[in-house]
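Okay, here's what each chain looks like letter by letter:
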Amino acid sequence: MQFVNGLTILLFYQLIGEISVRWLGLPVPGPVLGMIMLFITLLIKGSISKSLEGASTTLLSHLSLLFIPAGVGMMVHVERIANEWLSISIALLLSTAITLIFSALVMLFMSKLMTGKENSNG
Amino acid sequence: MGNNDLNAIWIYLSASPLAGLTITLMAYVAAQNLYQKFNHNPLLHPVVIAAGMLIGFLHLTNTPYADYFKGGQYVHFLLGPATVALAIPMYQQLSKIKKMWLPISVALISGVCVAAISSITIAQFLGATVETQLSLAPKSVTAPVAMAISEQIGGLPSLTAVLVVVTGILGAIFGTKILSLINIKDDSIKGIAMGITAHGIGTARAFQVSSEMGAFSGLAMAMATFTTAFILPYLVRWLGM
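Since the structure is predicted, the reported quantities are computational estimates derived from the model, not experimental observations.

### So, the overall build of chain A
Phase 1 of the analysis: Along chain A, the regular secondary structure elements total five helices and zero strands.
Phase 2 of the analysis: Along the chain direction, N to C, the helices and strands of chain A fall in the order α-α-α-α-α.
Phase 3 of the analysis: For chain A, the spread of C-alpha atoms along the three principal axes comes to 65 × 45 × 30 Å.
Phase 4 of the analysis: Within the span of chain A, comprising 122 residues, buried residues form 40% of the whole.

### A look at the overall build of chain B
Phase 1 of the analysis: Looking only at helices and strands, chain B features 13 helices and zero strands.
Phase 2 of the analysis: Reading the secondary structure of chain B in the N-to-C direction produces α-α-α-α-α-α-α-α-α-α-α-α-α.
Phase 3 of the analysis: Taking the principal axes of its C-alpha atoms as reference, chain B extends roughly 70 × 45 × 30 Å.
Phase 4 of the analysis: Split into buried and exposed, the 241 residues of chain B put 52% on the buried side.
Phase 5 of the analysis: Taking as baseline every contact in chain B between residues at least 6 positions apart, the subset at least 24 positions apart corresponds to 62%.

### So, the domain arrangement of chain B
Residues and elements named next belong to chain B.
Phase 1 of the analysis: What the domain assignment reports for chain B is domain 1 (2–77) and domain 2 (88–238).
Phase 2 of the analysis: Each of domain 1 and domain 2 has a C-alpha centre, and the two are 28 Å apart.
Phase 3 of the analysis: On the domain 2 side, the residues contacting the five residues of domain 1 number seven residues.
Phase 4 of the analysis: Split into classes, the residues belonging to the side of domain 1 that touches domain 2 amount to three nonpolar, two polar and no charged.

### Thoughts on the interface of chain A and chain B
Phase 1 of the analysis: The interface is formed by 63 residues belonging to chain A together with 85 residues belonging to chain B.
Phase 2 of the analysis: Contributing elements (two or more residues each) for the side of chain A that touches chain B: α1 (2–24), α2 (30–45), α3 (50–61), α4 (63–72) and α5 (78–121) of chain A.
Phase 3 of the analysis: Element by element, the count of residues in the side of chain A that touches chain B is highest for α5(A), at 26 residues.
Phase 4 of the analysis: The residue makeup of the side of chain A that touches chain B, split by class, is 47 nonpolar, 13 polar and three charged.

### A closer look at the confidence of the model for chain A
When pLDDT is low, close inspection of the predicted coordinates is not appropriate.
Phase 1 of the analysis: In this model, chain A carries an average pLDDT of 88, and 95% of its residues clear a pLDDT of 70 or more.
Phase 2 of the analysis: Mean pLDDT values over the elements of chain A span from 84, in α4(A), up to 94, in α1(A).

### Digging into the nonpolar core
Phase 1 of the analysis: Counting residues in hydrophobic clusters, the biggest one holds 110 residues, and the most contacted among them are A:I68 and B:V165.
Phase 2 of the analysis: At 13 residues, the largest contribution of residues to this core is made by helix α13 (residues 211–238) of chain B.
Phase 3 of the analysis: Sequence-distant contacts of B:V165, that is, excluding residues within four places in its chain, are made with A:F67, A:G71, B:H45, B:V47, B:V48 and B:A143.

### Section: the packing of helix α10 (residues 143–153) of chain B against helix α11 (residues 157–181) of chain B
Residues and elements named next belong to chain B.
Phase 1 of the analysis: At a minimum axis separation of 8 Å, α10 and α11 run at an interaxial angle of 140°. Classed by the angle they form, the pair α10 and α11 counts as oblique. Crossing of α10 against α11: the hand is right-handed. Contacts between α10 and α11 involve A143, A146, M147, S150 and E151 from the first element and P157, T160, A161, V164 and V165 from the second.
Phase 2 of the analysis: Looking at the contact of α10 with α11, its residues break down into seven nonpolar, two polar and one charged.

### As for helix α4 (residues 65–77) of chain B
Phase 1 of the analysis: At B:G71, α4(B) shows its largest kink, close to 55°.
Phase 2 of the analysis: Turning to α4(B), its buried residues are B:Y68, B:F69, B:G71, B:G72, B:V75 and B:H76.
Phase 3 of the analysis: Where α4(B) is buried, its residues touch α4 of chain A together with α2 (18–37), α3 (46–60) and α5 (79–85) of chain B.

### A few points about the packing of α4(A) against α11(B)
Phase 1 of the analysis: Here α4(A) crosses α11(B) at 125°, and the two axes come no closer than 8 Å. In terms of orientation, α4(A) and α11(B) fall into the oblique class. In the crossing of α4(A) with α11(B), the sense of the turn from one axis to the other is left-handed. Contact residues: α4(A) offers A:F67, A:A70 and A:G71, while α11(B) offers B:S158, B:A161, B:V162 and B:V165.
Phase 2 of the analysis: Across the contact of α4(A) with α11(B), the residue classes tally to five nonpolar, two polar and no charged.

The rules behind the values
Residues numbered from 1 in each chain as written. Chains lettered and ligands numbered in written order. Predicted model: local features only at pLDDT ≥ 70, side-chain atom pairs only at ≥ 80, totals over all residues. Helix = DSSP H or I, 4+ residues; strand = E, 2+ residues; numbered from the N terminus. Buried ≥ 20, exposed ≤ 12 C-beta atoms within 10 Å, placed from the backbone. Contact = placed C-beta atoms within 7 Å. Domains from an automatic or database assignment. Nonpolar A, V, L, I, M, F, W, Y, C, P; charged D, E, K, R; others polar. pLDDT = per-residue confidence, 0-100. Core = buried A, V, L, I, M, F, W, Y, C linked by C-beta atoms within 7 Å. Axes fitted to C-alpha atoms, helices over the stretch in contact; angles between N-to-C directions. Parallel < 35°, antiparallel > 145°, perpendicular 65-115°, else oblique. Left-handed = near helix turned anticlockwise from the far one by under 90°. Bend = angle between axes of the 7 residues up to and from the residue.

Structure below.
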């Protein structure tokens, strides 16, 4: 029953998210708005119920299962991937490396800036 | 006679979601076992292995993707509640977010933009089609959200799902090496960079390095999810696509 309670809460927030996105014409996917709303609810409530924690842990620990039907969808794009495999692979490789290095350096710079300020303040 | 029986069974199976759903779960269980046997080697990521097996099977049996998806959609549907569920690990990291919110926010917003702009411009430069460029743009966020964003900006959600998984695997294989090459020693910084770049697959890798790197990677992944969802539609418009 606990799992059903938790899943119901998740689906309820997804539903509210989907409705709000359509109603307000927001450029965000419904489940993302649902996630933000749930996060805000948790901030206000100050705790997570056992059933909600259980259901989300179960879902998130099998996250890779949920990607599989979409991954199989690759067979629909065989032709596109065959035609553009070189540009796709280079874009993926370079962009992944650039993003990784860039974010790490920004984090390093910003943390140094913050600790530097703290030190000069006393 | 035998052939007729087989035909009747086949007609039943292709009209019902049962077969598609069952083979999805079977492929997942088999891929998961293989993955565990080889110590979570990122090259054997369960999504790649399971999807590969299923594609092979569907090809052999001449089954179109639409027939398979009649069953697959029940698994696919759970991506929605799973996205909502990301609020929970984020809430659990609240004290860390409060302490480092400024560096994390700056790295997140700029990192998310760099991920999208670099993939779009590199693909564009190399002559990829517009749909492919748009499908590449959300490749650094977790698949359910990336697919929703892709659909919204005019990409192909199922192609995006594949690109997301490949990005995660690239991050998991090369991520820690690249970060030590540029001399990053702090596990919290490594974790943030990994989570922004390589979502859940990178986070799983980060947890193997240290629990601190894993926690920060999970945090960055969850926050990059909605940062990207908010920024990307505007960014794409700004790039004139």
